[in-house]
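So the chains spell out like this:
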Amino acid sequence: MINNRVPTFMGEGPFGTAADAELLSAYLDHYLSRPDLDYDQAIVLGTLLYLDEIRGSEYTTRSLAPAGPWDRWLEVRAVAALDPHDCRQAVQQLCAFVDETAEVFASLACGS
């Protein structure tokens, strides 16, 4: 089941604004063209897919186009088995964990 609620992290406000998506998209624009710089491309793509899903946006369209930046990055790196939707699912699970943990800590703080 997909939680379409925009996650918040430790009371810092909502994560998932258009500005967040634009920043992640710019990261992918730069680092997918640089396979020699293997950092967080898979996590960033998964995060952007997750934001596209909860926001109804299409920031990942350009990166995931057939024979586009993501495919070229995988080809150069010889990593053909990295499914972007698995990356999205991992990010979704991490967001749910962080939200649940933040709620527990918030309830503990209210009791003191």
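Let us look at the structure shown here. Fair warning: this is a prediction, and the values are worked out from it, not measured in the lab. (Residues numbered from 1 in each chain as written. Predicted model: local features only at pLDDT ≥ 70, side-chain atom pairs only at ≥ 80, totals over all residues. Heavy atoms only, no water.)

A word on helix α3 (residues 69–77)
What sets the pattern is the α-helix's 3.6 residues per turn: residues three or four places apart point alike. Listing the buried residues of α3 in full gives W70, W73 and L74. On an axial view of α3, the arc spanned by its buried residues comes to 95°, and they lie on one face. Residues of α3 that are exposed and angled more than 90 degrees away from the buried face: E75 and V76. Taken from the residues just after α3, A78 is the one with a positive phi, measuring 60°. (Buried < 20%, exposed > 50% of the residue type's maximum accessible area, 1.4 Å probe, protein only. Helix = DSSP H or I, 4+ residues; strand = E, 2+ residues; numbered from the N terminus. Arc of directions from axis to C-beta.)

Digging into the nonpolar core
Of all hydrophobic cores here, the largest spans 18 residues; its most connected members are L28 and W70. The set of elements that each furnish at least two residues to this core consists of α1 (18–31), α2 (41–55), α3 and α4 (84–110). Here the element with the most residues in this core is α2; it accounts for eight residues. When sequence neighbours within four positions are dropped, the list of residues in contact with W70 reads L32, Q41, A42, L45, S63, L64, L82 and P84. (Core = buried A, V, L, I, M, F, W, Y, C linked by side-chain atoms within 4.5 Å. Contact = heavy atoms within 4.5 Å.)

Some words on α2
Here α2 spans 20 Å end to end across 15 residues, near enough to the 21 Å set by a 1.5 Å rise per residue. Within α2, 12 of the 15 residues are buried, which leaves it mostly tucked inside the rest of the structure. Where α2 is buried, its residues touch α1, α3 and α4. Backbone geometry just after α2 places G56 at a positive phi near 75°. (Expected span 1.5 Å × (residues − 1).)

With respect to the pattern of salt bridges
One pass over the structure, following the stated rule, counts four salt bridges. Ionic pairing is found between D36 and R34, a salt bridge with its closest N-O pair at 2.7 Å. Note that D38 and R77 form a salt bridge whose closest N and O atoms lie 2.7 Å from each other. Residue D38 is found in the loop between α1 and α2, and its partner R77 is found in helix α3; the two are separated by 39 residues along the sequence. Judged by relative accessible area, which is 41%, D38 ranks as partly exposed. Judged by relative accessible area, which is 25%, R77 ranks as partly exposed. (Salt bridge = Lys/Arg side-chain N within 4 Å of Asp/Glu carboxyl O.)

Concerning the side chain of T47
You can see T47 is positioned in helix α2. For T47, a relative accessible area of 9% gives the class buried.

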